[in-house]
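A closer look at the structure
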Amino acid sequence: MMKNLYPRKDREAFPIKTTFVVAIMMAIIFAPVAQSIAQELSRVVTGTVISAVDKQPIPGVAVMIKGTSVGTTTDIDGNYSINIPTVGATLTYSFIGFNRREVQVTNQNTQDLELQEDLQDLGEVVVIGYGTVKKSDLTGSVVSVRDKDLTAIPVTNALEVMQGKVPGLDLTRASGQAGAGMNFNIRGNRSLNAGNQPLVLVDGIIYGSTLDVNPNDIASIEVLKDAASTAIYGTLGANGVILITTKRGAEGKSKISVNSYYGISDLGGYAEIMTGPQWVDLRRESRRTVGEWNSPADDVNIFNPAQLDNFRNGIYTDWAREVLQTGSQQNHQVGISGGDSKFAYYFSLEYFNEKGLMANDELDRYSGRFTIDYRIQENLKLSTNIMYTIRDHDRRRDPLNQANKMSPLGAPFDAEGNVVTFPVGDASTLNPLVDEIPGNYVDNEMNKRFFGNISLDWTISPSLAFTSRLGLDNTSSRRGLFSATNTIEVGPNGQSLARITNFTNSRITFENFGTYTRNVENHEFQVLMGSSIWANRDEENFAEGRDLLSSTMLFHNLGATQNAVRIGSELVETSIASFFTRFNYKLFDKYLFTGVLRADGSSVLAPGNKWGFFPSAAVSWLAKEEGFLRNVEAVSELKFRMSYGISGNSAVSPYQTLGGLSKSTYAFDRGANEVAAFGFYPSLISAPTLSWETTASANFGIDFGFFNNRITGNLDIYQQNTSDLLMQRALPTTSGFASSWDNVGKTRNTGIELLLSTINIDRPTGIGWSTDFTFGANREEIRELVTGDRDLANGWFVGYPISSFYDYEKIGIWQTNEADQAAVNQQSPGEIRVRDQDGNGIITPEDRTILGSEVPNFTLGVNNRVSYRDFELNFFVFARVGQTIISEAAGSFKIDGLENGPMVDYWTPENPTNAYPRPDAGTSRASTRYYSTLQYVDGSFLKLRDVTLAYNLPNQFASRLAVSRLRVYATAKNYFVLSNMGPYDPERGGNLSFPMTRQLVFGVNIDL
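Calculation rules
- Residues numbered from 1 in each chain as written.
- Predicted model: local features only at pLDDT ≥ 70, side-chain atom pairs only at ≥ 80, totals over all residues.
- Heavy atoms only, no water.
- Buried < 20%, exposed > 50% of the residue type's maximum accessible area, 1.4 Å probe, protein only.
- Helix = DSSP H or I, 4+ residues; strand = E, 2+ residues; numbered from the N terminus.
- Pairing = 2+ DSSP bridges.
- Phe/Tyr/Trp six-rings, centres within 6.5 Å; stacked < 30°, edge-to-face > 60°.
- Lys NZ or Arg CZ within 6 Å of the ring centre and 35° of its normal.
- Core = buried A, V, L, I, M, F, W, Y, C linked by side-chain atoms within 4.5 Å.
- Contact = heavy atoms within 4.5 Å.
- Expected span 1.5 Å × (residues − 1).

**Points about the pairing of strand β2 (residues 62-65)**
Burial along β2 is two-sided: Ala62 and Met64 and Val63 and Ile65, pointing in opposite directions, are all buried. The pairing of β2 with strand β5 (residues 89-94) spans 4 bridges and is antiparallel. Looking across to β5, one finds that isoleucine 65 is bridged to leucine 91.

**Re the packing of aromatic side chains**
Taken as a whole, this structure holds 28 aromatic pairs when the rule is applied. Taking 4.8 Å as the distance between ring centres and 70° as the angle between the ring planes, the aromatic pair formed by tyrosine 207 and phenylalanine 451 counts as edge-to-face. Pair noted here: tyrosine 207 is in the loop between β14 (205-206) and β15 (218-224) and phenylalanine 451 is in strand β22 (residues 441-461), with a separation of 244 residues, a long-range link. With a relative accessible area of 4%, tyrosine 207 lands in the buried category. By way of ring pairs, the aromatic residues Tyr130, Tyr233, Phe513 and Phe580 are connected into one cluster. Sitting above the plane of the phenylalanine 876 ring, lysine 165 keeps its charged end 3.9 Å from the centroid.

**Quick look at the pairing of strand β32 (residues 693-706)**
Sheet topology note: the strand β29 (residues 635-649)/β32 ladder contains 14 bridges and is antiparallel. In the sheet register, phenylalanine 640 faces β32, and the bridge partner there is isoleucine 702. Strand direction decides the pairing type here: β32 and strand β33 (residues 711-723), joined by 13 bridges, are antiparallel. Paired with threonine 695 across the bridge in β33 is threonine 722.

**Thoughts on unusual backbone geometry**
The phi dihedral of asparagine 493 is positive, around 60°, even though this residue is not glycine. Following the sequence through the fold, asparagine 493 ends up in the loop between β23 (464-483) and β24 (497-520). Exposure remark for asparagine 493: the relative accessible area of 56% places this residue in the exposed category. Not every positive phi belongs to a glycine, and arginine 869 is a case in point at roughly 55°. Position of arginine 869 among the secondary structure elements: in the loop between β44 (858-868) and β45 (871-881).

**So, the nonpolar core**
The biggest cluster of nonpolar side chains holds 29 residues, and the ones touching the most others in it are Met162, Phe184, Val202, Leu211, Ile242 and Ile244. When contributions to this core are tallied by element, the ones reaching two or more residues are β10 (142-146), β11 (169-173), β12 (182-186), β13 (199-202), β15 and β16 (241-246). Excluding anything up to four places from it in sequence, leucine 211 contacts Thr156, Asn157, Ala158, Leu159, Val200, Val202 and Ile244. Membership of the second largest hydrophobic core comes to 25 residues, among which are Leu308, Ile832, Tyr906 and Tyr930.

**Observations regarding helix α4 (residues 276-289)**
When the terminal C-alpha atoms of α4 are compared, their 20 Å separation across 14 residues agrees well with the 20 Å that a helix rising 1.5 Å per residue should span. By the burial criterion, the buried members of α4 are Gly276, Trp279, Val280, Leu282, Arg283, Arg284, Glu285, Ser286 and Arg287. Where α4 is buried, its residues touch α5 (299-302) and α6 (305-312). Two residues or fewer after α4 comes glycine 291, characterised by a positive phi angle close to 80°.

**Section: the sheet that holds β16**
Taken together, 5 strands build an open sheet; the order of strands is β10-β15-β16-β13-β14 and the sheet is mixed. Of all the strands in the sheet, the pair left with one neighbour each is β10 and β14. Judged from the 6 bridges that link them, β15 and β16 form a sheet pairing that is antiparallel. Opposite isoleucine 218, over in β16, you have threonine 246 as the bridge partner.

The structure is reproduced here in structure tokens:
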């Protein structure tokens, strides 16, 4: 055996060192040779890449040698240069917004080419349920909003950007509170007691209306409105569908985008609250009416000493202005995307912060998103999309009700700057600023959400594709509340309150569907078949108690509460199983047919009625393809659509069909030794026949384009009849139950929608102007009620919208010369006068009538985009006309003068107005006849919703900064509102809590 000449340690190290040294020497020796060989085996190819539409160069195009990681990008003039092998090289060209191209290079040294703009990015291809379709092949009513419009203005919720831009989508912001949601419906409300919320999906998975997805991560939003479009989603899409498609990576060089903005928020408009002298006049007048005040000498009888002293010394406070402050909003997002022929990725991080108009009203949101598309084989792709969001939300209990009603004759702070707990001379009126004292009030919600899906796409053959998708949505939240004594929550000298609520939601979606496509001469077929399983689990538990031992514990030690301890928990589980199919047929490129059938089984309905079957059919005629129009240049597009379908709704709370029990407390009259005993009693009667609420929808539409599509748009007319409404009907008291769920009643929605886009100016000099106009009018009415033509308990009336107002009609105030007429109705001058509807000379309950509805007569949006070279000016006008709202300000007149309120023009002998009745200390709002008539007002408004001025840095300067795009902008939001309600913004709906804001925002968009 040969002896080892080297120790073990050296034997291990020597080959590594030797190999490394030899490699370096070989590289030095053979580098010139290798370079010479490489030059002989490769050559340089140069070229220019331009857009096929405007023939302009495209900077940043990724030029890659197929099958390798070797590549380059085009410069600012669209030029590129790349070394390629002499034989067998194929170049790929890719850029976001354009179709990818492959070109095999043979002997040429120059390769110029044009890229076609991606039809899907341009809106020519739209996303529909479980697939996509050319816009020209649509048979249903679908409106798309693309990423350029989604990021044109800064918004908290991506849905907000669609306000006024999608006809048929009635959308308003809920309030000015930090993180406030949106109120919205599609083509009106159908159901009386069940849900009317549209279905919102992100990348095919149910998401919900609290849309935390950053608009910069969204590629498109599609709104599906008619049955032909929504039927594929069955019961889940009964109220319309909003499909959100997020951005994904693409083959090419990594791209980085940075989007950031900061905005200042202030009060958009608010009711005028009485000042100190104005409230003093009101209080004096109310006492003069009853003979208790005749001159300022009587002030000592109607004001407490502190208030009287403050009044005489000119000490007044506008409490609402003390509470309201300047807020802010900021958002910072970075996105990175890229990939090659096998692997593509998109990654983004976002931070969002909003501070409301009040202290302790603040939302922090942190989110991350990661998508991967991996091509396992040429015909097999694995994709995943993961989002994780953290919301840290501090909520403020609204103090404005307290601020608006309390006496202004007081000072909020003492000489040392401390908040005065009882500032107006009594021990019952709290300072609305008490919740701002550190440690006095905390209401914090921490929400963590994981949302993701994984899908496998298998192209079995050129005609057959299969997709399997699993979606997971898991949310956990903790909301904790602590309110110390002498806070608005617990009241003057009340016991402190501590509460904590934990909530978890888990939702699983599992879908499998296949698509078969076949083209035979002039016939095109596509068949989709699939199944879906959706399961939801909600679990909640809470605990609370009063008289916490130490305020420093907040809600973290409920065991230290000493009184009124309460605990509770709840589990709710629901599920839906579905089977669906869709058949598309196209003949001669101009006649289209779509048929859909979906079967849904819902766990919330009664046994034997759980399954529903929902068909729809639609036809379209591409008239432009007919011989008599094909060569008419003035007509660029003309298509007629017609659809009819039935959808179902099972949106009722689970377990309604089973009946229910409620807890009751019993006593046995044992005096001081009494111990409460608990039992249960039947509180909800079972509904063993509860079944589907169904809506039959008919839609007729026209899509048009004129003069080379300088004018484009669509017009839709529809009718929706809903029957077998899921609602609670009243029961005789002898049954022992107040109501029961049943399928009774009918509603109808009829409407017209118009979307019109025009290119007004498009000059080579760089001047451009385009306009988008939207109009939607929906008539919502109840057609049948189980109680006859009206249900006074719920305020429902046949022939009128669901949210209608039924009351006396105020026509003025009785004047002095009308005393005799007023006396007939047992009234006096200065009191509210209402209309005698039936003309019998006296006012009775039969004189009540429908005064209006929350449903507007129509909504209108006009969006203008003006550009000049590198400057952009966008301004958007939005109107909601014909709605009646309940105005809290109009209905808060304190007729007895005991409290403050909004400034109104009230009647006195010296001021015989017809607006508001005479102040009267001998009555109250509750006992004043027809007082409720004061609150109904016309809530119509027209607002300049957004104005944005932007500047795009020219390419030659941007390239010097190593960026492909640099855009800076300023946006004014909600600054100009026209209405009959003075400075108040009617979009708030009449409430005075958390008023609407206006914002001035500055931002930047950077693409690297």
